[in-house]
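If you want the building blocks of each chain, they are given just below.
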Amino acid sequence: MSVSALAIQQFALLDDAECEQRIIAAKRKLGDRCVILGHHYQRDEVFRHADLTGDSLKLSREASKSSAQYIVFCGVHFMAEVADILSRPEQISILPDLAAGCSMADMANLAAVERCWNELGQLFDPDEIVTPVTYINSAADLKAFCGRHNGIVCTSSNAQKILDWSFAQRQKVLFFPDQHLGRNTGYRMGIPLDEMVTWDFAKPMGGLTEEEIRRARIILWKGFCSVHQMFRPEHIDRFLERYPDTRVIAHPECSFEVCQKAQYIGSTEYILKTVREAEPNTRWLVGTELNLVNRLAEELKPRGKEVHFMSPTVCMCSTMFRTDPQHLLWVLENLVEGHVVNRIKVPEGDARWAKLALNKMLQLA
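Residues numbered from 1 in each chain as written. Predicted model: local features only at pLDDT ≥ 70, side-chain atom pairs only at ≥ 80, totals over all residues. Heavy atoms only, no water.

Trainee: Would you explain the packing of aromatic side chains in this entry?
Mentor: Each pair of aromatic rings is reported with the distance of its centres and the angle of its planes. In this structure the tally under the stated criterion is eight aromatic pairs. Aromatic pair Phe-231 and Phe-309: ring centres 5.4 Å apart, planes at 75°, arrangement edge-to-face. Linking Phe-231 in the loop between strand E9 (218–221) and helix H12 (233–242) with Phe-309 in strand E13 (residues 306–309), this pair joins segments that are 78 residues apart in sequence. An aromatic cluster is built from Trp-117, Phe-145, Phe-176, Phe-201 and Trp-221, whose rings are joined through pairwise contacts. Looking at Arg-217, its charged tip hangs above the ring of Phe-167, at a distance of 4.5 Å from the centre. (Phe/Tyr/Trp six-rings, centres within 6.5 Å; stacked < 30°, edge-to-face > 60°. Helix = DSSP H or I, 4+ residues; strand = E, 2+ residues; numbered from the N terminus. Lys NZ or Arg CZ within 6 Å of the ring centre and 35° of its normal.)

In structure tokens form, the structure reads like this:
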């Protein structure tokens with residue numbers, strides 16, 4: 001960062017109203033040189049300034065097709081990495097707050113995954129037996145790991161298609177970092193629960209016996225989303241006692257028990273599409289992040305639809321929440337002054353292998 005760049009301390013105490021007006025002014029000055037991406041889980045006071053909204057992969061792909069030089073991703077770290085990997089060389093990916101990470105992504109780091117791969121190597125050659133599959137909610141170096149080992153990336157909307165492809169390559173799948181997406185997807189494909197084992201990365205050999213590993217078709221990493229793990233089957237039961245005609249829809253990052261009670265399971269885009277296209281005067285209980293659910297509830301209230309958040313406890317993506325209007329303004333006004341702050345740049349080697357794994361997924365989509 002240039003020594004003449006505007007410091008974040010100048011912005012930290014600004015109120016949201018002043019930030020909003022200055023963000024609008026900065027966007028006007030930057031024009032088409034900058035595109036702001038807003039993930040569905042982003043807080044409203046930031047989300048309203050987004051030029052494009054959606055899930056992380058959709059946003060990265062759309063930004064790469066834009067004429068913008070600067071891609072400001074109002075999301076979390078792995079999302080800005082994907083934007084950098086998929087963007088053109090002249091485009092610059094920026095994350096307003098570098099502390100906006102992802103607790104799920106952090107549960108699988110390269111050292112732990114490589115240790116798992118080496119331990120599996122004590123039983124068989126994993127490059128012959130195992131297809132590594134990483135959820136897009138993971139660091140770039142893990143996507144690169146999959147690229148180097150002839151693996152692939154998946155999203156919550158294409159996980160079944162990706163697992164079908166993976167089993168066509170090899171006998172087993174190592175799926176990380178989210179155990180729930182892997183388990184829910186595998187079960188819907190007809191894979192029995194006892195052929196899906198959970199690898200505890202804090203224990204030697206994942207805490208599993210040789211027999212368990214050899215029998216398993218999917219080896220699930222012991223990771224989870226801190227938001228989606230808050231939803232419980234009893235939340236659904238209690239709500240249905242009051243409103244038995246409710247339709248239940250859940251993200252596949254929810255637990256197996258929650259998904260078993262849901263009539264609909266799918267990605268954020270699937271949830272939005274399904275509820276929006278439903279007939280009027282229906283009631284929905286939604287198991288995904290609070291900001292998305294609240295916006296959907298307000299949007300559909302005039303159409304006679306009732307949309308409810310599944311958990312009685314307020315739970316939102318706390319790391320996503322770190323991106324506030326003050327950080328967004330700081331980034332934009334620095335760009336106006338010709339300074340780039342908080343650039344996300346994936347190392348060239350990792351970017352090459354990660355893009356290979358991502359492109360395999362995109363070719364199957």
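What follows picks up the thread again.
Trainee: Is there a simple way to explain helix H8 (residues 140–148) in this structure?
Mentor: Owing to its 3.6 residues per turn, the α-helix aligns residues three or four sequence positions apart on the same side. Across the nine residues of H8, seven count as buried, placing the element largely inside the fold. The complete set of buried residues in H8 reads Ala-140, Leu-142, Lys-143, Ala-144, Phe-145, Cys-146 and Gly-147. Lining the buried residues of H8 we find helix H4 (77–86), helix H6 (110–120), strand E5 (130–135), strand E6 (152–154), strand E7 (172–176) and helix H17 (348–364). Phi turns positive, to about 60°, at Asn-150, one or two residues after H8. (Buried < 20%, exposed > 50% of the residue type's maximum accessible area, 1.4 Å probe, protein only. Contact = heavy atoms within 4.5 Å.)

Trainee: Explanation requested: the sheet that holds E5 in the structure shown.
Mentor: Overall, parallel pairing links the five strands, which are arranged E6-E5-E7-E9-E8 in an open sheet. The open sheet has two edge strands with one neighbour each: E6 and strand E8 (196–199). The mean inter-strand angle of the sheet, taken between neighbouring strand axes irrespective of direction, is 25°. Examined bridge by bridge, E5 and E6 share three bridges and lie parallel to one another. Directly across from Val-133, in E6, lies its bridge partner Ile-152. Seen against the sheet, helix H9 (residues 159–169) touches E5, E6, E7 and E9 and runs at an angle of roughly 155° to E6. (Pairing = 2+ DSSP bridges. Axes fitted to C-alpha atoms, helices over the stretch in contact; angles between N-to-C directions.)

Trainee: Please explain the pairing of strand E10 (residues 247–250) as it appears in this structure.
Mentor: In summary, the side chains of a regular strand alternate between the two faces of the sheet. Note that E10 and strand E12 (residues 283–287) share four bridges and pair parallel. For Val-248, the partnering residue across the bridge sits in E12 and is Leu-285. By the bridge criterion, two bridges tie E10 to strand E11 (residues 264–265) in an arrangement that is parallel. Looking at the pairing, Ile-249 lines up with Tyr-264 of E11.

Trainee: Looking at this structure, how should I read unusual backbone geometry?
Mentor: In this structure, Pro-177 follows Phe-176 across a cis peptide bond, with omega equal to -5°. Tracing the backbone through its elements, the reader meets Pro-177 in the loop between E7 and helix H10 (179–188). The backbone of Asn-150 sits at a positive phi, close to 60°, despite the residue not being glycine. Here Asn-150 is to be found in the loop between H8 and E6. We note that Asn-281 has phi near 60°; this positive angle belongs to a residue other than glycine. Among the secondary structure elements, Asn-281 is positioned in the loop between helix H14 (268–277) and E12. Classification of Asn-281 as exposed rests on a relative accessible area of 67%.

Trainee: What's the story with empty space enclosed by the protein in this structure? I'm lost.
Mentor: Left-over empty space is what a probe sized like a water molecule reveals as it rolls over the atoms. Enumeration over the complete set of coordinates arrives at one cavity of 30 Å³ or more. There is about 30 Å³ of room inside the largest cavity. Residue lining of the largest cavity: Asn-184, Tyr-187, Arg-188, Phe-256, Cys-259, Gln-260 and Ile-265, and that is the complete set. Going through the elements one at a time, H10 and helix H13 (256–261) are the ones with two or more residues in the lining of the largest cavity. Classifying every residue of the lining of the largest cavity gives four nonpolar, two polar and one charged. (1 Å grid on protein atoms, 1.4 Å probe; cavity = no way out; pocket = protein on both sides within 12 Å on 5 of 7 lines; lining within 4 Å. Points joined across faces, edges and corners; volume = space filled by probe spheres on them. Nonpolar A, V, L, I, M, F, W, Y, C, P; charged D, E, K, R; others polar.)

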